[in-house]
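A look at the structure
This is what each chain is made of:
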Amino acid sequence: ETPLIAGCKPTIEGMSFCGDPKAIEGLKLAGVDIATLGNNHVGNYGEEGVIETEKILADAGILSVGTNVLYKEVKGITFAFVSYNDIGAPEARVPWAEDVKIAKDVQTAKQHADIVVVAYHWGVEYVDLPSTRQIDLAHLTIDAGADVVLGNHPHWIQPVELYNGKFIIYAHGNFVFDQEWSPETKLGAVGKYTFYEKKLVDVEYLPIRIIDYGQPYFLSPEEGSQILQKMKENSVRIAQ
């Protein structure tokens, strides 16, 4: 969620962020294949910062999803990945969530892919239910042809929804993050999405807790059950 730039200095105050290029080693070690750039901080160092980030990712063999639609074939299934930022204002080289463009992009992607996955940076921070804007945008995206909608930005876990047979998660919570000042911001849910014969056939969430600034640990079934139960309860609430 920040540009990776040479000479990045630690941020002491303010809301302009960057990351050291050596952070790429963590992504490589984790086995990351694709990174989305649709968020509200990747443009903090201008278009040049985004371009440098794209190059660092590419040099590490990691595909990036910015203003492009990314296609990738996995075991005979063609996936299209799209990402958008709905927080703040449009920035150069950062994909902005404009409704008409989203519908057009997703419709085009669906013509060339079996599965369309759309990632959003959206919503209100520090709440456990999606905003009207999130819900409307997710439904618009599904109506345009998306198969899966993945959300982030609220820093809290938010519910899932099955809309017209397609899957939405409004926010996964935090993962590698340093908001140590509340229980909710130290929690997250890693999503595992399984596809078979060009269909999403299973979804599983693996709850994590962040310990000692930015270090996520998977929770035991007993500890994680409370997180999953709350996700379920909130999912029922928005479905009513």
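The preceding data block contains the structure.
In this text, all values refer to a predicted model and were calculated from it rather than measured experimentally. (Residues numbered from 1 in each chain as written. Predicted model: local features only at pLDDT ≥ 70, side-chain atom pairs only at ≥ 80, totals over all residues. Heavy atoms only, no water.)

A word on helix α5 (residues 221-239)
- In this model, α5 (19 residues) spans 26 Å end to end at C-alpha, consistent with the 27 Å of a helix rising 1.5 Å per residue.
- Turning to α5, its buried residues number three or more, namely G224, I227, M231, N234 and S235. End-on, the buried residues of α5 take up no more than an arc of 110°, which puts them together on one face. Seen from the open side of α5, the exposed residues pointing more than 90 degrees away from its buried face are P221, E222, Q226 and K232.
- Taken together, the buried residues of α5 touch β7 (160-163), β8 (166-169), β9 (187-196) and β10 (199-211). (Helix = DSSP H or I, 4+ residues; strand = E, 2+ residues; numbered from the N terminus. Expected span 1.5 Å × (residues − 1). Buried < 20%, exposed > 50% of the residue type's maximum accessible area, 1.4 Å probe, protein only. Arc of directions from axis to C-beta. Contact = heavy atoms within 4.5 Å.)

Notes on the sheet that holds strand β11 (residues 215-218)
- Pairing in this open sheet of three strands is antiparallel, and the strands run β9-β10-β11 from one edge to the other. The open sheet has two free edges, formed respectively by β9 and β11, since each of these has just one partner strand. With direction set aside, neighbouring strand axes in the sheet form an average angle of 40°.
- Here ten bridges tie β9 to β10, and the two strands are oriented antiparallel to one another. Within β10, the residue paired with A189 across the bridge is P207.
- Of the strands in this sheet, β9 and β10 touch α5, which is tilted by about 125° from β10. (Pairing = 2+ DSSP bridges. Axes fitted to C-alpha atoms, helices over the stretch in contact; angles between N-to-C directions.)

With respect to the packing of aromatic side chains
- Throughout the structure, instances matching the rule amount to eight aromatic pairs.
- Geometrically, the ring pair formed by Y126 and W181 is edge-to-face, given 5.2 Å between the ring centres and 70° between the ring planes. Linking Y126 in the loop between β5 (115-121) and α4 (132-144) with W181 in the loop between β8 and β9, this pair joins segments that are 55 residues apart in sequence.
- Taken together through their ring pairs, the aromatic side chains of Y84, Y120, W122 and Y170 make up a single cluster. (Phe/Tyr/Trp six-rings, centres within 6.5 Å; stacked < 30°, edge-to-face > 60°.)

Details of the sheet that holds strand β3 (residues 70-74)
- The sheet built from six strands is open, its strands ordered β3-β4-β5-β6-β8-β7 with mixed pairing. Either end of the sheet is taken by a strand with one partner, and the two such strands are β3 and β7. Neighbour-to-neighbour, the strand axes of the sheet open up by a mean angle of 20°, direction not taken into account.
- As paired strands, strand β6 (residues 148-152) and β8 are joined by three bridges and run parallel to one another.

Comments concerning the pattern of salt bridges
- Scanning all chains against the criterion turns up eleven salt bridges.
- For the salt bridge of E54 with R93, the shortest nitrogen-to-oxygen distance reads 2.7 Å. Of the two residues, E54 is situated in helix α2 (residues 46-59) and R93 in the loop between β4 (77-85) and α3 (99-112); the sequence distance between them amounts to 39 residues.
- For D86, the salt bridge goes to R133, with nearest N and O atoms at 3.0 Å. A residue pair is termed long-range when its members are at least 10 positions apart, and D86 in the loop between β4 and α3 and R133 in helix α4 qualify at 47 residues.
- Note on D86: relative accessible area 15%, which makes it buried. (Salt bridge = Lys/Arg side-chain N within 4 Å of Asp/Glu carboxyl O.)

Some details on the state of the cysteines
- With the rule as written, the count across this model stands at one disulfide.
- At a sulfur-sulfur separation of 2.0 Å, the disulfide partner of C8 is C18. Looking down the S-S bond of the C8 and C18 bridge, the torsion is 90°, so its handedness is right-handed. Residue C8 is found in the segment before α1 (24-30), and its partner C18 is found in the segment before α1; the two are separated by ten residues along the sequence.
- C18 gets classed as buried once you look at its relative accessible area, which sits at 12%. (Disulfide = S-S within 2.5 Å.)

Regarding the packing of α3 against α4
- Running from amino to carboxyl end, α3 crosses α4 at an angle of 35°, the nearest separation of the two axes being 8 Å. Viewed along their axes, α3 and α4 form a crossing whose handedness is right-handed. Contacts from D99, I102, A103, V106 and Q107 in α3 reach R133, L137, L140, T141 and A144 in α4.
- Of the residues belonging to the contact of α3 with α4, the class tally is six nonpolar, two polar and two charged. (Left-handed = near helix turned anticlockwise from the far one by under 90°. Nonpolar A, V, L, I, M, F, W, Y, C, P; charged D, E, K, R; others polar.)

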